[in-house]
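Okay, here's what each chain looks like letter by letter:
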Amino acid sequence: MAEQGALETLLADAQDAQDRGAYESLRTIALEAASVATAAGDDLALGLARNFLGVAEMRSGLASRAEAAFDEALAIFVRLGARAEAARVKMNQGALAFDARLDITSARRIYEEVIPELEQLGREPSLAVALANASEICRAIGDYSQALGRSARAIELFERNGHPWRAALARVTNAHVHSLVRRYDQSIARLEEAYPAIRESGNPASLALYFEVYALVAAACEQFAPAAELFGFVDALRHREDIRPNLSLMPWIATAQQRVRTALTMDGYDVAYYIGAHASLDAMRDRVERLATSLRISR
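The structure presented is a predicted model; accordingly, all values stated were derived computationally and were not measured. (Residues numbered from 1 in each chain as written. Predicted model: local features only at pLDDT ≥ 70, side-chain atom pairs only at ≥ 80, totals over all residues. Heavy atoms only, no water.)

Engineer: Is there a simple way to think about the overall build of the protein chain in this case?
Structural biologist: Helix and strand counts for the protein chain come out as 14 helices and 0 strands. What you see in the protein chain, going N to C, is helices and strands ordered as α-α-α-α-α-α-α-α-α-α-α-α-α-α. What you see for the protein chain is a C-alpha radius of gyration of 20 Å, in line with the 19 Å of a compact globule of 299 residues. Once the C-alpha set of the protein chain is aligned to its principal axes, its extents read approximately 60 × 35 × 30 Å. Of all 299 residues assigned to the protein chain, the portion counted as buried reaches 51%. Taking all contacts inside the protein chain whose residues are at least 6 apart in sequence as the whole, residues at least 24 apart take part in 64%. Per element, the accessible surface of the protein chain, about 13,600 Å² overall, is 50% carbon and sulfur. A distance of 5 Å separates the average location of the 33 positive side-chain charges in the protein chain from that of its 40 negative side-chain charges. (Helix = DSSP H or I, 4+ residues; strand = E, 2+ residues; numbered from the N terminus. Rg over C-alpha atoms; globule rule 2.2 N^0.38 Å. Buried < 20%, exposed > 50% of the residue type's maximum accessible area, 1.4 Å probe, protein only. Contact = heavy atoms within 4.5 Å. Areas by Shrake-Rupley, 256 points an atom, 1.4 Å probe, with all protein chains shown as cover. Lys, Arg positive; Asp, Glu negative; His and termini not counted. Charge placed at Lys NZ, Arg CZ, Asp CG, Glu CD.)

Engineer: In this structure, what is going on with the packing of helix α4 (residues 63-80) against helix α5 (residues 83-100)? I would like to understand it.
Structural biologist: The geometry of a pair of packed helices is captured by two quantities: the angle between their axes and the separation between those axes. The interhelical angle for the contact between α4 and α5, taken along N-to-C directions, is 160 degrees, at an axis separation of 9 Å. Relative to α5, the element α4 lies roughly antiparallel. Between α4 and α5 lies a crossing whose hand is left-handed. Packed against α4, whose contacting residues are Ala63, Ala66, Glu67, Phe70, Asp71, Ala73, Leu74 and Phe77, the element α5 presents Glu85, Ala86, Val89, Lys90, Asn92, Gln93, Leu96 and Ala100 at the interface. The class makeup of the residues in the contact of α4 with α5 is 10 nonpolar, 2 polar and 4 charged. (Axes fitted to C-alpha atoms, helices over the stretch in contact; angles between N-to-C directions. Parallel < 35°, antiparallel > 145°, perpendicular 65-115°, else oblique. Left-handed = near helix turned anticlockwise from the far one by under 90°. Nonpolar A, V, L, I, M, F, W, Y, C, P; charged D, E, K, R; others polar.)

Printed below as a string of structure tokens:
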């Protein structure tokens with residue numbers, strides 16, 4: 001009984017660490033949970049621990065170790081007949097294919113298999129995660145209509161099941177896709193809706209993503225100085241918090257940065273970038289609020 005209580009606490013702590021983006025802590029907790037689960041003979045908990053370990057390795061850039069952990073977790077869940085847990089591992093395998101290896105074909109295949117299964121199982125929180133991730137894949141292949149539809153449904157499911165931070169991340173993806181189809185008012189609205197939950201989460205990777213997408217929107221709207229400031233702020237935040245770049249956004253980021261450099265000249269870009277790199281979070285939030293207001297007025 002004591003071991004079971006310890007396992008429940010460890011697995012809850014692992015989920016909390018994952019949500020906060022504390023991946024070193026997540027690795028430590030997952031390894032401890034796996035040890036306790038093995039001693040207790042609790043295979044379901046062992047599979048959950050291995051899945052958490054895979055997430056920690058994936059987000060730390062250790063793709064091969066993540067793959068091994070996910071494979072072990074999936075084998076356990078398949079053997080146990082735990083379909084919902086197996087589907088969660090498959091989603092992480094899809095994220096590994098997409099985020100770490102940019103293997104869009106494999107990632108898309110995995111999510112197209114998992115989404116109907118989660119629909120059938122009625123697991124709305126996991127389904128919302130799958131839809132949110134699938135919306136990013138649709139964005140990558142240029143299927144913007146599907147990306148908007150899936151991210152909107154993910155937002156609805158996250159909110160209905162009490163996951164405001166995850167809903168906010170789906171809103172950020174939705175905002176970026178709206179900007180890609182030149183619906184800038186909708187893009188800004190989604191970003192403004194997303195910020196309170198992202199700030200509340202304390203997850204630095206989520207903050208970096210938020211301001212990075214705002215930079216892309218600013219560049220698309222020809223607000224070049226604010227865009228350069230935002231790029232500087234995000235780069236400084238990523239360096240300070242040791243956050244890996246978001247590879248799925250890199251094609252848009254590279255194009256936007258080149259456009260901003262050309263518009264401002266290198267000297268102008270460097271000055272604005274420096275200002276952003278040395279700005280506080282509150283100062284940068286004030287900056288994007290002013291940007292949002294000016295864009296609404298100009299339109």
